[in-house]
Amino acid sequence: MPKHIVRLIILLVASAAIALIAKWFFTVESFYEYGHYRADSVPEIAAQEAVYKTARYCQSCHSERHAQWSANNHKSVTCETCHGAAQGHPEKGKLPIPADTVKLCTLCHEAMPGRPGTQPQIQVAQHSGGQQCKVCHNPHAPKIAAAAVRVTGDAAAGRQRAAACASCHGAEGISPNDTWPNLAGQSAAYLARILAAYKSGDQKDVVMTPLAQPLSDGDIRNLAAYYASLTCRTVPSTTRIGDAATGKALAKNCASCHGDTGIASNPAWPHLAGQKVGYLVNVLKAFRGGLRKDPMMAAVVRGLSDADIENLAAYYAAQSCQPVTEARKTP
Amino acid sequence: MKREAISSLLARRAFLRKIGRAATCAGAIAATGAAGALGVTKKVAAKSESTSRRGSFPTKDYDWTKRQWAFGVDANKCIGCLRCVEACKRENDVPGDAHHFNTWVERYVYLEGDKRARVDSHHDPVNIAASGSEREYRFANRYQDAKVEKAFFVPKLCNQCTHPPCVQVCPTGATYKAVDGVVLIDQKYCIGCQYCVQACPYGARWFNARKGVSQKCYWCYHRITKGLQPACVEACPVGARIFGDRNDPQSPISLFIRNNRVQVLRPETGNAPNVFYVGIDKEVS
């Protein structure tokens, strides 16, 4: 065999040997164990710590919150979706409580083309007038509870009992005086709730408390049913205070519960349309001053000035209390 | 591509693979003979032994031979809140800016008279402006006054293909198909050549310039091996993302695939994706 060919063969064999030795030397133990990759990298990836800890992790300390959340509509939204990942909590400090709930809640609830119809959606500008969502909604139980919304009573029996109320609230539930409320056509559930509150002492009034105390639960239901059955009538107010047009802009903040024109969407809340100006002003001021207690109303009226209150009262007093059929239909 | 074309393509791949294996075997036999004296045989024997040496792999509580993961997306349920994107970023230490992400959500909007959909995602300038920051993700309500004929959201992520083209092109074995079906990246072996970023037909991979490696969704492998759900599935408030083990006939994903008429993205590529979609148009790919 010619010398140069022998040299070539030696060179080739030597290169192959060097290549094989290099490969043996440089290839880590676990490469090729399962395939053309480093098997040790799999446990390395699997060993990373989870950043999101799931609601079960939160439950171990915040069991009360967890119970409320898991029983309500937001149970599909996990704790960490709003409060951020729980890794490092509690050792490294608290998790944030979202401050700007308008920004947060509208991520899911802003009405937007493409969102499925089953998703509850709002027109942000009209829904709350820029108010923070958590003023009315508890993020852990967002649905506003409609307390006892169905009240059944005997209107005829209520009529007899109502004789005692007529001197102030009018024979037909239309009060002759600007400071006492009209009752005709008011929602029965609301009337029953307020009467029961006077009876129990949760709500106090010099005149109403002694009158309500002797009433039985049946009386309360009958009275509520009677006044709810009467036809309401808007009596032009003699008191000239406030500016209804300015009040209309403010009333957007109240619309989600009390309706655009003061016809409440839910029987648990009172209708305001056509109510007495003086009465509305007094009640709003009572809420603001803490004389009447309701967590939702307290939060809503906190920022209102006397002028705001008068404008709002003027607006609602000027509305027709006859329910427009469309207004009733909207959910 | 037609189905026949795909099958001939696959047949050709299989044939080439066989030839490759035969050549490797011949080489290996020769090499064993040549290098026997160096004790390489011992090492080879040790390596083939080690496959059985391990019990449960990759961790002691998780055996990847028992699982076959798959993912479902129900676009009918998606509300485009982008909590999945947020959760994914936090979970996997993805740079916070809007342009790097493992998962994303596309919005398809057909306006009246339009033949094609308008598509945007959270990194669209209009959406960044609406959120006010590159680090917060939100869809702008930009079509509220337009005449929208049809609109829907489509979550996207790595399809963990059965025949992943990204794995095929990787020159270093840094990305691979795990036995349980997830395509993983070995960050120590990745040299940052970005061939895989080019190869993926779904745009699922991206390059992390800070670390010098390719990254992508890996179905939160560190979570699923601990019995948790991927972070995006955990965060989704409406159940638009479904995850589970196809080996378990009662798992959420098995039920999802069985009870719905599902489709995959770009079936014509022959990649056989493992993310199954419900409620999307032909235009989504």
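In this text, all values refer to a predicted model and were calculated from it rather than measured experimentally.

Novice: Which parts of the structure should I look at to understand the overall build of chain A?
Specialist: In terms of helices and strands, chain A carries 18 helices and zero strands. What you see for chain A is a C-alpha radius of gyration of 34 Å, clearly larger than the 20 Å of a compact globule of 331 residues, by over 25%. With the principal axes as the frame, chain A shows a C-alpha extent of 135 × 40 × 35 Å. Counting over 331 residues, chain A shows a buried share of 33%. Taking as baseline every contact in chain A between residues at least 6 positions apart, the subset at least 24 positions apart corresponds to 71%.

Novice: Even after reading the chapter, I still don't get the overall build of chain B, so can you show me in this structure?
Specialist: Per the secondary structure count, chain B includes nine helices and twelve strands. The buried share of chain B, reckoned over its 285 residues, is 38%. When contacts within chain B are restricted to residue pairs at least 6 apart in sequence, those whose partners lie at least 24 apart make up 60%.

Novice: Explain the nonpolar core to me, please; I cannot follow it from the model alone.
Specialist: Grouped burial of nonpolar side chains is what soluble globular proteins tend to show. Counting residues in hydrophobic clusters, the biggest one holds 73 residues, and the most contacted among them are B:Leu184 and B:Trp219. Residue contacts for B:Trp219: discarding those within four places in its chain leaves B:Trp69, B:Phe71, B:Gln160, B:Val182, B:Ile224 and B:Pro230. With 45 residues, the next largest nonpolar core counts A:Ala225, A:Cys232, A:Ala251 and A:Ala317 among its residues.

Novice: When you look at the interface of chain A and chain B in this model, what are you seeing that I'm missing?
Specialist: Accessible area lost during the coming together of the parts is what is often quoted as the interface size. In this complex, chain A contributes 37 residues to the contact, which on the side of chain B involves 52 residues. Sorting the residues of the side of chain A that touches chain B by element identifies α1 (3-26), α2 (41-46) and α6 (101-109) of chain A as the ones contributing at least two each. The greatest single-element share of the side of chain A that touches chain B, amounting to five residues, is contributed by α2(A). Its residues placed into classes, the side of chain A that touches chain B shows 23 nonpolar, ten polar and four charged.

Novice: Would you mind going over the sheet that holds strand β6 (residues 148-156) of chain B with me for this structure?
Specialist: All names here are of chain B. Strand order in the open sheet formed by three strands is β5-β4-β6, with antiparallel pairing between adjacent strands. One side of each edge strand has no neighbouring strand; the edge strands of this open sheet are β5 (118-120) and β6. Shown here is a sheet whose adjacent strand axes are inclined to one another by a mean of 20°, direction ignored. Here strand β4 (residues 104-111) pairs with β5 via three bridges, running antiparallel. In the strand pairing of β5, Val109 is matched with Arg118.

Novice: What exactly am I supposed to notice about the sheet that holds strand β12 (residues 275-278) of chain B here?
Specialist: Residue and element names in this part refer to chain B. Strand order across the open sheet formed by three strands is β11-β3-β12, with mixed pairing between neighbours. Each edge of the open sheet carries a strand with a single partner, namely β11 (241-245) and β12. Neighbour to neighbour, the strand axes of the sheet diverge by 20° on average, direction disregarded. Seen against the sheet, helix α9 (residues 252-259) touches β3 (69-74), β11 and β12 and runs at an angle of roughly 115° to β11.

Novice: I'm lost on the confidence of the model for chain B in this one. Help?
Specialist: For any part of a model where pLDDT is low, the fine detail of the predicted coordinates should not be relied upon. In this model, chain B carries an average pLDDT of 89, and 88% of its residues clear a pLDDT of 70 or more. Both scores are available for the predicted complex, with the pTM at 0.73 and the ipTM at 0.80.

Novice: Just to check I follow, could you spell out the pairing of β11(B) for this structure?
Specialist: Each regular strand carries side chains that alternate between the two faces of the sheet. All names here are of chain B. Among the five residues that make up β11, four are buried, leaving the element largely enclosed by the rest of the structure. Relative to β11, β3 runs antiparallel, the two sharing five bridges. Bridge pairing in β11 links Trp69 to Asp245.

Novice: For this particular structure, what's the right way to read the environment of A:Ser60?
Specialist: Along the polypeptide, A:Ser60 turns up in the loop between α3 (54-59) and α4 (63-70). For the pair A:Ser60 and A:Val206, spaced 146 residues apart in the sequence, the C-alpha separation amounts to 48 Å.

Novice: Help me understand the domain arrangement of chain A in this model?
Specialist: Residue and element names in this part refer to chain A. What the domain assignment reports for chain A is domain 1 (155-229) and domain 2 (244-329). Relative placement of domain 1 and domain 2: their C-alpha centres are 20 Å apart. On the side of domain 2, 15 residues touch domain 1, which itself brings twelve residues to the contact. For the side of domain 1 that touches domain 2, the per-class residue count stands at four nonpolar, seven polar and one charged.

Novice: What am I meant to see in unusual backbone geometry here?
Specialist: Among all residues except glycine, the phi angle is most often negative; among peptide bonds, the trans geometry is most common. Cis geometry marks the peptide bond from A:His89 to A:Pro90, where omega comes out at 5°. Between B:Phe57 and B:Pro58 the backbone carries a cis peptide bond, its omega angle lying at 5°. Topologically, B:Pro58 is positioned in strand β1 (residues 58-59). Its identity as a non-glycine residue notwithstanding, A:Tyr32 has a phi of 75°, on the positive side. Relative to the elements of secondary structure, A:Tyr32 occurs in the loop between α1 and α2. Residue A:Tyr32 is classed as partly exposed on the basis of its 18 C-beta neighbours within 10 Å. With a phi angle near 50°, B:Trp219 is a residue other than glycine that sits in the positive phi range.

Novice: What is the right way to look at the pairing of β4(B) in this model?
Specialist: Residues and elements named next belong to chain B. The buried count for β4 comes to six of eight residues, which makes it a mostly enclosed element. Examined bridge by bridge, β4 and β6 share eight bridges and lie antiparallel to one another. By the bridge assignment for β6, Arg107 is matched with Phe153.

Novice: In this structure, what is going on with the environment of B:Arg90? I would like to understand it.
Specialist: If you trace the backbone, B:Arg90 turns up in helix α3 (residues 83-92). On the neighbour-count criterion, B:Arg90 (18 C-beta atoms within 10 Å) is partly exposed. Measuring from C-alpha to C-alpha, the distance between B:Arg90 and B:Tyr195 comes to 26 Å, with 105 residues separating the pair along the chain. Those residues within four positions of B:Arg90 in sequence are excluded, and the remaining contacts are A:Val51 and A:Ala85.

Novice: I would appreciate a short explanation of the packing of helix α15 (residues 277-289) of chain A against helix α17 (residues 306-318) of chain A in the present structure.
Specialist: Working note: a packed helix pair is described by the angle between its axes plus the distance between those axes. All names here are of chain A. Direction vectors running N to C along α15 and α17 enclose 140°, while the axes themselves pass 9 Å from each other. One element, α15, and the other, α17, form an angle in the oblique class. Our pair here, α15 against α17, has a crossing hand that is right-handed. Each of Val277, Leu280, Val281, Leu284 and Lys285 in α15 lies in contact with α17, whose residues at this interface are Ile309, Glu310, Leu312, Ala313, Ala314, Tyr316 and Ala317. For the contact of α15 with α17, a count of residues per class yields ten nonpolar, no polar and two charged.

Novice: Looking at this model, I keep getting lost on helix α12 (residues 217-229) of chain A. Mind explaining?
Specialist: Every α-helix carries 3.6 residues per turn, so stepping three or four residues along brings you back to the same face. Residues and elements named next belong to chain A. For α12, spanning 13 residues, the distance from its first C-alpha to its last is 18 Å, which sits close to the expected 18 Å at 1.5 Å a residue. Listed as buried for α12 are Ile220, Arg221, Asn222, Leu223, Ala224, Ala225, Tyr226, Tyr227 and Ala228. Each element contacted by the buried residues of α12 is listed here: α8 (155-161) and α10 (188-200).

Novice: Would you take a moment to explain the environment of B:Ala235 for this structure?
Specialist: All names here are of chain B. Within the fold, Ala235 resides in helix α8 (residues 231-235). Judged by the 25 C-beta atoms lying within 10 Å of it, Ala235 is buried. For the pair formed by Ala235 and Glu86, sequence separation is 149 residues and the distance between their alpha carbons is 8.8 Å.

Parameters and conventions
- Residues numbered from 1 in each chain as written.
- Chains lettered and ligands numbered in written order.
- Predicted model: local features only at pLDDT ≥ 70, side-chain atom pairs only at ≥ 80, totals over all residues.
- Helix = DSSP H or I, 4+ residues; strand = E, 2+ residues; numbered from the N terminus.
- Rg over C-alpha atoms; globule rule 2.2 N^0.38 Å.
- Buried ≥ 20, exposed ≤ 12 C-beta atoms within 10 Å, placed from the backbone.
- Contact = placed C-beta atoms within 7 Å.
- Core = buried A, V, L, I, M, F, W, Y, C linked by C-beta atoms within 7 Å.
- Nonpolar A, V, L, I, M, F, W, Y, C, P; charged D, E, K, R; others polar.
- Pairing = 2+ DSSP bridges.
- Axes fitted to C-alpha atoms, helices over the stretch in contact; angles between N-to-C directions.
- pLDDT = per-residue confidence, 0-100.
- Domains from an automatic or database assignment.
- Parallel < 35°, antiparallel > 145°, perpendicular 65-115°, else oblique.
- Left-handed = near helix turned anticlockwise from the far one by under 90°.
- Expected span 1.5 Å × (residues − 1).

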